[in-house]
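Tertiary structure, described
These are the residues of each chain, in order.
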Amino acid sequence: QFDWVQIPAGKFVMGEGKEQHSVDLSAYLIARTPITNAQYKRFVDETGYDPPRHWDSGEIPKDKDAHPVVYVSWDDVMAFCKWAGVRLPTEAEWEKAARGAEGRTYPWGEEPPSNTRCNFGRNMGDTTAVGRYPAGNSPNGLQDMAGNVWEWTSSLYKAYPYNAMDGREDPE
């Protein structure tokens, strides 16, 4: 039920601005698109796991089967991954898959987001079906890696090396 893309082993440029650095990763697989409501519904139906809170009577909202699943916690996502026999990508894996090896600003390159590349800034007022924006694909053919929804990774986020609240360097 998943469309996997193999991301090749090798170095890539991670981060932005003065925080950019080279990271070397082994090859890995990642889903071509975010997990859809239909994919998540299979998990809910087969396991009895609680559906997202906005699914009335456990049903996907009308005409949203191909939209990315939302209102799921990290624990929900981990349960889904265990059921599906997969794992979440690390932050570095997700970034390489999204931006390519050369550290593009966006999956499609350096041009700013547009309504032909992604669902961004509430321009659609809702989520959109995955795969709607082929002009926004990553170098590896992944879709919806920018905009539409936030995605979970297995990594803990750290705003290194600055404290997001006051701009001071974080002590280790």
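First things first, this report covers the structure right here in the doc. Computed from a predicted model, the values in this text were never measured in an experiment.

Tracing the chain through its elements places Q6 in strand β1 (residues 4-7). With 108 residues separating them along the chain, Q6 and S114 place their C-alpha atoms 27 Å apart. Excluding its chain neighbours within four sequence positions, the residues that come into contact with Q6 are A27, Y28 and L29.

Looking now at the packing of aromatic side chains. With the rule as written, the count across this model stands at 10 aromatic pairs. Between Y40 and F80, the aromatic rings sit 5.6 Å apart at their centres with planes inclined by 20°, giving stacked as the arrangement. Within this pair, whereas Y40 is found in helix α1 (residues 37-47), its partner F80 is found in helix α2 (residues 74-84), the two being separated by 40 residues in sequence. According to the relative accessible area criterion, Y40 is buried, its value standing at 2%. One aromatic cluster in this structure is built from F2, W4, Y40, F43, Y49, W55, F80 and W83.

Reading the values: the criteria
- Residues numbered from 1 in each chain as written.
- Predicted model: local features only at pLDDT ≥ 70, side-chain atom pairs only at ≥ 80, totals over all residues.
- Heavy atoms only, no water.
- Helix = DSSP H or I, 4+ residues; strand = E, 2+ residues; numbered from the N terminus.
- Contact = heavy atoms within 4.5 Å.
- Phe/Tyr/Trp six-rings, centres within 6.5 Å; stacked < 30°, edge-to-face > 60°.
- Buried < 20%, exposed > 50% of the residue type's maximum accessible area, 1.4 Å probe, protein only.

Treat this as a map of the structure, not an account of what it does.
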